[in-house]
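# An overview of the molecular structure
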Amino acid sequence: MVVNQETIQKQAKEILDKFSKELDKVKEQVGETFVEREEDRREEGEGKEGDSYFRETMLKNAPSKEGDFIVAEKGKWVK
Amino acid sequence: MSALQKLGLIKKEKLTAEENIKKFIEKIKKENKNINAVLEINEKAIEEAREIDKRIKKKGKAGKLAGLGIIVKANINVKGMPASCASKTLESYNCGYNATVIKKIKEEDGIILGMANMDEFACGSSGESSAFGATRNPRNKELIPGGSSSGSAAAMAAGFCDFSLGSDTGGSIRNPASHCGVVGVKPTYGLVSRYGLIDLSMSLDQIGVFAENSEDAAYLLNIIKGKDENEPTTYSSEEIKIEKIRKLKIGIPKLSADPKIWKLVKNRIKEIADKNKWGVKEIEMPYVELGVQTYYPIVYTEFFSGTRKLDGRRYGEKIEDSCGEEVLRRILGGSEISKAEHHGKYYRQALKVKELIKEAFDRAFEKVDCVILPTVPKLPHKIGSKISIEDMYNYDTLTIPANLAGIPGISIPAGEIDKIPVGMQVLCKRFEEGKMFSIAKEFENNYI
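Residues numbered from 1 in each chain as written. Chains lettered and ligands numbered in written order. Predicted model: local features only at pLDDT ≥ 70, side-chain atom pairs only at ≥ 80, totals over all residues.

Right, let's talk about the overall build of chain A for a bit. The secondary structure content of chain A amounts to 2 helices and 2 strands. Each helix and strand of chain A, ordered N terminal to C terminal, gives the series α-α-β-β. Burial status across chain A gives 5% buried among its 79 residues. (Helix = DSSP H or I, 4+ residues; strand = E, 2+ residues; numbered from the N terminus. Buried ≥ 20, exposed ≤ 12 C-beta atoms within 10 Å, placed from the backbone.)

Residues and elements named next belong to chain B. A rise of 1.5 Å per residue sets the reference length of helix α15 (residues 433-445), with its 13 residues, at 18 Å; its end C-alpha atoms lie 18 Å apart and thus fit the reference within 8%. The element α15 is extensively covered by neighbouring structure, given that 10 of its 13 residues are classed as buried. Within α15, the full set of buried residues consists of Glu 433, Lys 435, Met 436, Phe 437, Ser 438, Ile 439, Ala 440, Lys 441, Glu 442 and Phe 443. (Expected span 1.5 Å × (residues − 1).)

Accessible area lost when the parts come together is the quantity often used to give the size of an interface. Taken together, the 32 residues of chain B in the interface contact 31 residues of chain A. Sorting the residues of the side of chain B that touches chain A by element identifies α9 (291-306), α11 (325-337) and α12 (347-367) of chain B as the ones contributing at least two each. If you tally residues by element for the side of chain B that touches chain A, the top one is α11(B), at 7 residues. Partitioned by chemical class, the residues of the side of chain B that touches chain A number 15 nonpolar, 8 polar and 9 charged. (Contact = placed C-beta atoms within 7 Å. Nonpolar A, V, L, I, M, F, W, Y, C, P; charged D, E, K, R; others polar.)

This paragraph deals with the environment of B:Ile52. Residues and elements named next belong to chain B. On the secondary structure map, Ile 52 appears in helix α3 (residues 45-59). When the C-alpha positions of Ile 52 and Ala 157 are compared, they lie 26 Å apart, and in sequence the two are 105 residues distant. Here Ile 52 is in contact with Ala 17, Ala 62, Ala 66, Gly 67 and Asp 109, once residues within four sequence places are set aside.

A separate point is unusual backbone geometry. Residue and element names in this part refer to chain B. Of note, the amide linkage connecting Gly 147 to Ser 148 takes the cis form, showing an omega dihedral of 10°. Mapped onto the elements, Ser 148 comes out in the loop between β3 (111-116) and α5 (150-158). Phi is positive for Cys 85, close to 55°, though the residue is something other than glycine. Within the secondary structure, Cys 85 is located in the loop between β2 (69-73) and α4 (100-107). Even without being glycine, Asp 418 reaches a positive phi, approximately 50°.

Residue and element names in this part refer to chain B. At their nearest, the axes of helix α7 (residues 214-224) and α15 sit 9 Å apart, and the two run at 160° to each other. The angle between α7 and α15 falls in the class roughly antiparallel. Each of Ser 214, Glu 215, Ala 218 and Leu 221 in α7 lies in contact with α15, whose residues at this interface are Glu 433, Phe 437, Ala 440, Lys 441 and Glu 444. Classifying every residue of the contact of α7 with α15 by side-chain character gives 4 nonpolar, 1 polar and 4 charged. (Axes fitted to C-alpha atoms, helices over the stretch in contact; angles between N-to-C directions. Parallel < 35°, antiparallel > 145°, perpendicular 65-115°, else oblique.)

Glancing now at the sheet that holds strand β1 (residues 38-41) of chain B. Residue and element names in this part refer to chain B. Ordered in space as β1-β3-β2-β4-β6-β5-β10-β11-β9-β7-β8, the 11 strands form an open sheet in which the pairing is mixed. Each edge of the open sheet carries a strand with a single partner, namely β1 and β8 (279-283). Neighbour-to-neighbour, the strand axes of the sheet open up by a mean angle of 30°, direction not taken into account. Inspection of the sheet shows β2 paired to strand β4 (residues 163-168) by 3 bridges, in the parallel sense. Following the sheet pairing, Ile 70 is matched in β4 by Phe 163. Contacting β9 (370-374), β10 (409-417) and β11 (420-427), α15 crosses the sheet at an angle of about 15° to β10. (Pairing = 2+ DSSP bridges.)

A word on the packing of helix α1 (residues 5-24) of chain A against α12(B). Taken N-terminus to C-terminus, the directions of α1(A) and α12(B) make an angle of 50°; their axes are 10 Å apart at the nearest point. By the angle class used here, α1(A) and α12(B) are oblique. The handedness of the crossing between α1(A) and α12(B) is left-handed. Between α1(A) and α12(B), the contacting residues are A:Ser20, A:Leu23 and A:Asp24 on the first element and B:Gln349, B:Ala350 and B:Val353 on the second. (Left-handed = near helix turned anticlockwise from the far one by under 90°.)

This paragraph deals with helix α8 (residues 259-276) of chain B. Residues and elements named next belong to chain B. With 18 residues, α8 ought to run about 26 Å at 1.5 Å a step, and its terminal C-alpha atoms sit 26 Å apart, in line with that. Buried residues along α8 sit against β9, β10, β11 and α15. The first or second residue beyond α8 is Lys 277, which carries a positive phi of 60°.

Residues and elements named next belong to chain B. Formed by 141 residues in total, the largest nonpolar core has its most connected members in Ile 70, Val 72, Ile 76, Ala 83, Ala 116, Ala 155 and Phe 210. Counting residues per element, this core draws most heavily on α12, which supplies 7 residues. Beyond its immediate stretch of four places on either side in the chain, Val 72 contacts Val 78, Ile 102, Ile 112, Met 115, Ala 116 and Leu 165. (Core = buried A, V, L, I, M, F, W, Y, C linked by C-beta atoms within 7 Å.)

So this is what it looks like as structure tokens:
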């Protein structure tokens, strides 16, 4: 879809400034917030077995690949 | 027929899973072109139904969702199906795994019928921003169905499924449920695992359900909820039970909406409260009217962060090069907020007001058992109408506060205005889904 990035960026900034102005009127402060949990760590266990379907599908999803590898930016940095 | 009634027939072998699923697939194939609620049909659904029938015949055993058909919003991963988020960016993306909610549904023999249309990346409140065309409201095809879970709500209203799944970040389940005249539930933040959901705003998103009535919705929610080791924000919780409520105090917040909508909802509250001898009290909820202003800076920031993975390297296209206007607005807005020079100006300010809104609900729930209000402050517009960005954002003024406070909300039909469905929301304390469904059921039992 062709959209004018500059116009949209300007709109986004205008909306944020308007919202910020309204939130700025709130003077009440809040204390530190934290989440209380009974357990704060999870068991890593033995790890999980590899999923060949997942591997195959994700390789199919990749726009560019070479054998078993996804090629991210091949040669972009090579002059 | 409700999903629970149908389940009874399937388990007693008076209806086969195959018959149920075939009927839905035929209906979708015949009628979806007029509604555009479904983007992709699961071609293996009938085969899966046959397997369930075989199992019922052989062992007499079947899961809690045996042979029921479910449509899934296209931002939830279903192994072997595309999850495009209704965007050109992920048009070619196929899911390699099941989201936790899908795994749980499949373990109980539920059948995924297909993937539902939606606002692109859940960025919208009307169902018009899908890259694959707007969804139409089955109750009036000229009107929007609401969004962003537009296809899930429309599919439910059109009779394409027994249940559908959506995601709700600022009202994306309750808003279309209201416009389409079905039940939509946003659970407590942390009740349902978000593992496998393609996120819009990770601190606000929740996967929830659409159903024909609140009893069906509670049934499915009991199946998909629970602690998940893949999702650290989840909690264990007790079974959701619908019970008769004898004593109740309802809070009605002073928030603005179309007077016709407020009148309809207040009349319904009065009628049911009088019948049950429940108390009703108007309540002040400071800062809640700042929901939209608080919500968008948080969503812009978290969406910008969440979409950095969509760089076109591992899957799909680079998002900035392939998305629609509203998605780009949120990315560019989030990028602006994340700039070092604005540190604290937008995001931290919004987080502070978010906390104050949460406190306002905590204080309200000290005085009342639930808060009831309209789901959407205005009636849906005609598809294609020119509407300002802020007017679009304002569709969610009454649904956003529940997301900011992390509390559960259900939208149930309240009645009609000019033959357009209007929904009302019941909001309760965190993890009080049982009470919320019990109140909703009382309203449904007395629906005229």
